[in-house]
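Observations on chain architecture
Each chain, written out:
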Amino acid sequence: MCMHQTALTDAEGSGLSQTTVLVTGATSGLGRECARVLALRGARVLMPCRSLDEAKRVLGEFRIAHASAMAERCQPHPCDLSSIASVHAYLDGLSRDAPIDMLFLNAGVFAVPRQLTDEGFEYTLAANYLGHFLLLYKLAMLGILSENARIVVTLSESVHKNPFSRADIAMIAKDPPKPAAQMFSSPNSKVLLALMMGEFLRRISNSNLHSIRFNAVDPGPTLTDNVNQGSRIQRMLGQLVGPILFKKVDQGAAPLVWAASSSEAKSGVLYTAIGKEARLPKKCTDPETAARAWLASEAALDLPVFDLA
Ligand SMILES: NC(=O)c1ccc[n+]([C@@H]2O[C@H](COP(=O)([O-])OP(=O)(O)OC[C@H]3O[C@@H](n4cnc5c(N)ncnc54)[C@H](OP(=O)(O)O)[C@@H]3O)[C@@H](O)[C@H]2O)c1
């Protein structure tokens, strides 16, 4: 296996002028870097984002650093993943003409105090998991995913190294119970995303989408704004030790771009920061739990049964 050090070298040589990419969380950190290098290689990059002002600022930076044609290939539209209505509106406005070839389910928050969204969901679970579930479900059901699409979901060490993370299915509901500790909401969302990957692959296996490849990636500790979402003490520690312990953003994005673009990546597999295959624990792969989480998500979002026939 050959994985380059940075996302830019990883995508080098790949002519992507006929490729449509969708990246969530493309206004910052890892998602921004994936969007940047793929647009540089010629891809049309869809950027659903919760702040159009932020997206405009990012495109302004792209315009200064690169040719303006590259920035023009990036297409931001409002989409707050924590709002189910916003994700529906975004998807309903998407063109059916150019199906998505690469899908990065990447956006995430990690240290948000417990709060409910206007629709009644726990905020972190909605932004990290439910919004992405709806995006994936509807892109497939509406026929906006290419038959050979590459999907990459950004997970974290919590799925394969944190013994306290688990699939908290009771949280997939309006007005959910209070978790034992709010700090587990983000890691639990990552476990649910891992289960979603396995269940999605099972559900498309007998359909015209059976060739889709879906990978999970743990980018490893990377110095992005994610680190700044922590408490004041965590932020101070991040600034002090961050540059020593964390990777640069282009290095953190490398395994994401590699998983989406390499012919070597195997579907259904979790790759680590260095492109090594990591074993997903049973809590992330158990088919029975995955099916329950999928059905709970459909029910919570009032979606019909997923059926590609
Ligand atoms: N950095 C690390 O060390 C690390 C390690 C393992 C895994 N990860 C994962 O990597 C992914 C990307 O994180 P990052 O490190 O690049 O952090 P980041 O710089 O904070 O980027 C997070 C992105 O998600 C977007 N986002 C947050 N809530 C959203 C919402 N409700 N709707 C739409 N977009 C939303 C943010 O938008 P705004 O720009 O508007 O804030 C931002 O673009 C996350 O899933 C994170 O869990 C990161």
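**Regarding the sheet that holds strand β3 (residues 74-78)**
Pairing in this open sheet of 8 strands is mixed, and the strands run β3-β2-β1-β4-β5-β6-β7-β8 from one edge to the other. Whereas interior strands pair on both sides, the edge strands pair on one side only; in this sheet they are β3 and β8 (277-278). Strand direction decides the pairing type here: strand β1 (residues 20-23) and strand β4 (residues 100-105), joined by 3 bridges, are parallel. Paired with V23 across the bridge in β4 is F104. Docked against the sheet, helix α6 (residues 123-141) engages β1, β4, β5 (145-154) and β6 (213-217), running at close to 165° with respect to β4.

**Notes on the pattern of salt bridges**
The tally for this structure, following the rule as stated, stands at 13 salt bridges. We note a salt bridge from R63 to E72, for which the minimum N-O separation is 3.7 Å. What makes R63 partly exposed here is its relative accessible area of 39%. The residue E288 makes a salt bridge to R292 at a minimum N-O spacing of 3.4 Å. Of the two residues, E288 and R292 both sit in helix α12 (residues 287-300), 4 residues apart, roughly one turn of that helix.

**Considering the pairing of β4**
The element β4 is extensively covered by neighbouring structure, given that 5 of its 6 residues are classed as buried. Here β4 runs beside β5; their pairing, made up of 5 bridges, is parallel. Its bridge partner lying in β5, L105 is registered against V153. In this fold, β4 hands off to α6, which returns the chain to β5; that crossover is right-handed.

**Points about the side chain of T19**
With respect to the helices and strands, T19 occurs in the loop between α1 (7-11) and β1. Ignoring any residue separated from it by four or fewer positions in sequence, one finds T19 in contact with A43, R44 and D101.

**Some remarks on unusual backbone geometry**
The residue D175 is not glycine, and still its phi comes out positive at about 50°. Inspection of the secondary structure puts D175 in the loop between α7 (157-160) and α8 (185-204). In this structure, D302 is a non-glycine residue whose phi angle is positive, near 55°. Here D302 lies in the segment after α12.

**What about the site of the ligand?**
In the vicinity of the ligand, 29 residues are found, and the nearest of them are T27, S28, N106, K190 and T224. Here a nitrogen atom of the ligand sits 2.9 Å away from a polar atom, N or O, in the main chain of L81. The backbone of T222 places a nitrogen or oxygen atom 2.8 Å from an oxygen atom of the ligand. Considering the ligand on its own, with 890 Å² of exposed area, one finds that the protein chains cover 91% of that surface. Elements represented by at least two residues in the shell around the ligand include exactly α2 (29-40) and α6. Tallied by class, residues from the shell around the ligand come to 10 nonpolar, 14 polar and 5 charged.

**Some remarks on helix α5 (residues 84-92)**
Among all positions in α5, only I84, S86, V87, Y90 and L91 are buried. Take α5 and look down its axis: the buried residues cluster within an arc of 160°, on one side only. Along its buried surface, α5 packs onto β1, β2 (44-49), β3 and α6.

Cut-offs applied
Residues numbered from 1 in each chain as written. Predicted model: local features only at pLDDT ≥ 70, side-chain atom pairs only at ≥ 80, totals over all residues. Heavy atoms only, no water. Pairing = 2+ DSSP bridges. Helix = DSSP H or I, 4+ residues; strand = E, 2+ residues; numbered from the N terminus. Contact = heavy atoms within 4.5 Å. Axes fitted to C-alpha atoms, helices over the stretch in contact; angles between N-to-C directions. Salt bridge = Lys/Arg side-chain N within 4 Å of Asp/Glu carboxyl O. Buried < 20%, exposed > 50% of the residue type's maximum accessible area, 1.4 Å probe, protein only. Right-handed = clockwise from strand over helix to strand, strands pointing away. Near = heavy atom within 4 Å. Polar contact = N/O pair within 3.5 Å; in protein donor to acceptor, adjacent residues only side chain to side chain. Areas by Shrake-Rupley, 256 points an atom, 1.4 Å probe, with all protein chains shown as cover. Nonpolar A, V, L, I, M, F, W, Y, C, P; charged D, E, K, R; others polar. Arc of directions from axis to C-beta.

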